[in-house]
Amino acid sequence: MNQNAAEPVAAAETLAEVPAHVLRGLPEEVRLFPSAVDKTRIGVWATKPILKGKKFGPFVGDKKKRSQVKNNVYMWEVYYPNLGWMCIDATDPEKGNWLRYVNWACSGGEQNLFPLEINRAIYYKTLKPIAPGEELLVWYNGEDNPEIAAAIEEERASARSKRSSPKSRKATVSAWRPGVLRQQPRTSPGSVGMSRPQLQPRSRDPSSKSSCFACSLTAPEVTWNQ
């Protein structure tokens, strides 16, 4: 879908606008620089090698109903038993963390991160090793990708193992009160798995190739600190 010519063009983000708390929260392996996949956005770039299987998160933002969200670029949707589907919205940089600046790849083949929902929170996990000078890019392609399916099942197995440990069972029994326990509905698609992103923005829509910037994964001209 092409953008309407009458729609206002979004102002490009600048590093000067990044809140101080976001910069303080950056892992040592990454830094923020202009994105290569979206010229209006800041992106997250590796400055040190990042191993496959590294997990980052959780994604931070305001919890809102879908009707309250005005910008669907910086958000995920998560199911809460008592609230239903709620949006974790990081449109306001002051309300988000550095994961807000991770951009979407133009295709699943270019992604190096994938999203996981764990305990009602969104995390990003590395799908492959990421070298210094590469931009961190996420893609939502569900469990049809064998590697992602295997990684999600690994997380589920880990969660089951923790819940079945003697320490966990003891804590569960001591915390139980009559009338409190209730059957919780499944999240999407499991208690640890993929959450559905709400209202995919045009720049993230895999069917909208015309709205995707040319995907050059070449790092911007910066000096990587050793």
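Looking at an unreviewed UniProt entry, one finds the protein named PR/SET domain 2, with Catagonus wagneri as its source organism.

With that settled, consider the pairing of strand β5 (residues 75–80). Most of β5 is tucked away: six of the six residues are buried. Here six bridges tie β5 to strand β6 (residues 84–89), and the two strands are oriented antiparallel to one another. Looking across to β6, one finds that Val78 is bridged to Met86. Counting the residues between successive antiparallel strands, the hairpin from β5 to β6 contains three residues.

A word on the side chain of Asn112. With respect to the helices and strands, Asn112 occurs in the loop between β7 (103–104) and β8 (113–118). A polar atom in the side chain of Asn112 sits 3.0 Å from the backbone oxygen of Glu135. From its side chain, Asn112 meets the backbone nitrogen of Leu137 in a polar contact 2.8 Å long. If near-sequence neighbours (up to four positions away) are discounted, Asn112 is found in contact with Lys125, Thr126, Leu127, Lys128, Ile130, Glu134, Glu135, Leu136 and Leu137.

In this section: the nonpolar core. Ranked by size, the top nonpolar core spans 34 residues in total, and within it Leu32, Val44, Phe59, Trp98, Val102, Tyr124 and Leu136 carry the most contacts. Where this core is concerned, the elements lending two or more residues are β1 (30–34), β2 (42–46), β5, β6, β9 (121–126) and β10 (137–138).

Below, the discussion takes up the pattern of salt bridges. Taken as a whole and judged by the stated rule, the model has 10 salt bridges. Here Arg100 makes a salt bridge to Glu13, at a shortest N to O gap of 3.1 Å. Here Arg100, found in the loop between β6 and β7, pairs with Glu13, found in the segment before α1 (20–24); they are 87 residues apart in sequence, far enough to count as distant. With a relative accessible area of 4%, Arg100 lands in the buried category. We note a salt bridge from Glu155 to Lys55, for which the minimum N-O separation is 3.1 Å. Here Lys55 lies in strand β3 (residues 55–56) and Glu155 lies in helix α2 (residues 146–164), a separation of 100 residues in the sequence. Judged by relative accessible area, which is 37%, Lys55 ranks as partly exposed. Bridged by salt links that share partners, the residues Glu13, Arg41 and Arg100 form one connected network.

In this section: the packing of aromatic side chains. With the rule as written, the count across this model stands at five aromatic pairs. The interplanar angle of 70 degrees and the centroid separation of 5.5 Å between the aromatic rings of Tyr79 and Trp85 together place this pair among those described as edge-to-face. The class for Trp85 is partly exposed, based on a relative accessible area of 25%. Geometrically, the ring pair formed by Trp104 and Trp139 is edge-to-face, given 6.4 Å between the ring centres and 70 degrees between the ring planes. Remark: Trp139 occurs in the loop between β10 and α2 and Trp104 occurs in strand β7; sequence separation between them is 35 residues. Each member of the pair, Trp104 as well as Trp139, is classed as buried. Cluster of aromatic residues (ring-pair linked, three or more members): Trp76, Trp104, Tyr124 and Trp139. Sitting above the plane of the Tyr80 ring, Lys63 keeps its charged end 4.2 Å from the centroid. Just above the ring of Tyr101 sits the side chain of Arg100; from NZ or CZ to the centre is 4.9 Å.

Procedures and definitions
Residues numbered from 1 in each chain as written. Predicted model: local features only at pLDDT ≥ 70, side-chain atom pairs only at ≥ 80, totals over all residues. Heavy atoms only, no water. Buried < 20%, exposed > 50% of the residue type's maximum accessible area, 1.4 Å probe, protein only. Helix = DSSP H or I, 4+ residues; strand = E, 2+ residues; numbered from the N terminus. Pairing = 2+ DSSP bridges. Polar contact = N/O pair within 3.5 Å; in protein donor to acceptor, adjacent residues only side chain to side chain. Contact = heavy atoms within 4.5 Å. Core = buried A, V, L, I, M, F, W, Y, C linked by side-chain atoms within 4.5 Å. Salt bridge = Lys/Arg side-chain N within 4 Å of Asp/Glu carboxyl O. Phe/Tyr/Trp six-rings, centres within 6.5 Å; stacked < 30°, edge-to-face > 60°. Lys NZ or Arg CZ within 6 Å of the ring centre and 35° of its normal.

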